[in-house]
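# Architecture at a glance
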Amino acid sequence: MGARIGIDLGGTKIEAAVLDADGRVTHRARRATPAGQYDATVATVAGLVKTLEAEARVRASVGVATPGARSLVDGRIKNANSTCLNGRPLKEDLERALDREIRMANDANCFALSEAVDGAGAGASVVFGVILGTGVGGGVVVDRRIVTGANAIAGEWGHNPLPLPETSDHPLPLCYCGRRGCIETYLSGPALAADFAKAGAERVDAVEIARRAEGGEPRAVAAMERYEVRLARSLAGVINIIDPDVIVLGGGLSNVARLYPSVTRLVPGFVFSDEVRTRIVPPAHGDASGVRGAAWLWNEAAGEVR
Ligand SMILES: [Zn+2]
């Protein structure tokens, strides 16, 4: 297998990179996303591929990480926060523009794949990749292959209800999905900020709360402690079902160092096992995981979203 191109189609920017056979990035490029313009988005992605292929002097396989999911019913994009993609046959349109078959997967799944192939979960059989950012998502990779699922939602734990709600978890927050008490309404960055504000503190973002907790500010420490026990209860539910070897955290909150020892210590109290060997680790590739995972969709073991 020769060169692979991975594309990370985000809401504000489109990142692209060429990976050689060993997974090293040899060329990269980035363009602003033509927000709200579907045809221009397709043209920009195709243009990035052509530019990189000319620079690298290769014809590469192409994988694309997208928000949302590709409908298993009609192949059209659904659930994307870049709403101009919804209802569009993005894979087919890109294949026409690039004159080749491409592979496409949800961005959280690409994150999990990137970390499973040659990142923090390298060598592990079952890897759960978690996004803790503006939203809460996830992806499941088994033996370097994304588990897509019957409904293309495998790993979407963010819209499970928060397990074992305590007094301090009530009233259950309303989620944009229409339900109440979803894990995302407690574990996203905005949710942490809202929880801190609700406890009588000022309205600051999650990064600032983590920074203040590091400095020992009592209300920030308390907010982080509430966050950590919620995260531990939520991840324990995942462990009971798929029993991963490794859980890799991603998204903005994965930069909060205290989460790893705290959650590792708390999780066993909620898992149905006398011991918990699952490692909870930071990502190896950070922001590059989108392009890397997309490129690895053309790995002999990796599946595509059909
Ligand atoms: Zn929800």
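### Regarding the coordination of the zinc ion
Every protein donor of the zinc ion is accounted for by H159 (ND1), C175 (SG), C177 (SG) and C182 (SG), and the metal-donor separations fall at 2.1 to 2.3 Å. Bound by four donor atoms, the zinc ion shows angles of 104 to 118 degrees at the metal and therefore tetrahedral coordination geometry. Within one chain, the residues donating to the zinc ion are spaced in sequence as H-x15-C-x1-C-x4-C. Placement of the pair is H159 in the loop between β10 (145-146) and α4 (184-187) and C175 in the loop between β10 and α4, with a sequence separation of 16 residues. Judged by its relative accessible area of 23%, H159 is partly exposed.

### Topic: the side chain of R70
Secondary-structure assignment places R70 in strand β5 (residues 69-70). On the basis of relative accessibility, which here comes to 9%, the residue R70 falls in the buried class. A distance of 3.2 Å separates a polar side-chain atom of R70 from the backbone oxygen of G75.

### Examining the sheet that holds strand β9 (residues 136-142)
Remark on secondary structure: sheet strands pair via backbone hydrogen bonds, oriented parallel or antiparallel. Overall, mixed pairing links the five strands, which are arranged β10-β9-β8-β11-β12 in an open sheet. Looking at which strands have only one partner, the edges of the open sheet turn out to be β10 and β12 (279-281). In terms of strand pairing, strand β11 (residues 246-250) meets β12 through three bridges, oriented parallel. The residue of β12 that forms the bridge with I247 is I280. Together, β8 (126-132), β9, β11 and β12 form the strand contacts of helix α7 (residues 218-242), whose direction differs from that of β8 by roughly 150 degrees.

### Re the packing of helix α5 (residues 189-198) against helix α6 (residues 206-214)
Interhelical geometry of α5 versus α6 gives an angle of 60 degrees and a closest axis separation of 8 Å. Taken together, the axes of α5 and α6 are oblique relative to one another. The segment α5 lies against α6, with G189, L192, A193 and F196 engaging A206, I209 and R212.

### Notes on the pairing of strand β2 (residues 13-19)
Within β2, six of the seven residues are buried, which leaves it mostly tucked inside the rest of the structure. Bridging between β2 and strand β3 (residues 25-32) involves seven bridges; their strand directions are antiparallel. Across the sheet, residue K13 finds its bridge partner in β3, namely A32.

### Re the pattern of salt bridges
Per the stated rule, a full pass over the model turns up 20 salt bridges. Ionic pairing is found between R212 and E202, a salt bridge with its closest N-O pair at 3.0 Å. A residue pair is termed long-range when its members are at least 10 positions apart, and R212 in helix α6 and E202 in the loop between α5 and α6 qualify at 10 residues. Given a relative accessible area of 16%, R212 falls into the buried group.

Thresholds applied
Residues numbered from 1 in each chain as written. Predicted model: local features only at pLDDT ≥ 70, side-chain atom pairs only at ≥ 80, totals over all residues. Heavy atoms only, no water. Donors = N, O, S within 2.8 Å, 3.2 Å for Na, K, Ca; no water. Tetrahedral: all angles 85-135°; square planar, octahedral: opposite > 155°, others 65-115°. Helix = DSSP H or I, 4+ residues; strand = E, 2+ residues; numbered from the N terminus. Buried < 20%, exposed > 50% of the residue type's maximum accessible area, 1.4 Å probe, protein only. Polar contact = N/O pair within 3.5 Å; in protein donor to acceptor, adjacent residues only side chain to side chain. Pairing = 2+ DSSP bridges. Contact = heavy atoms within 4.5 Å. Axes fitted to C-alpha atoms, helices over the stretch in contact; angles between N-to-C directions. Parallel < 35°, antiparallel > 145°, perpendicular 65-115°, else oblique. Salt bridge = Lys/Arg side-chain N within 4 Å of Asp/Glu carboxyl O.

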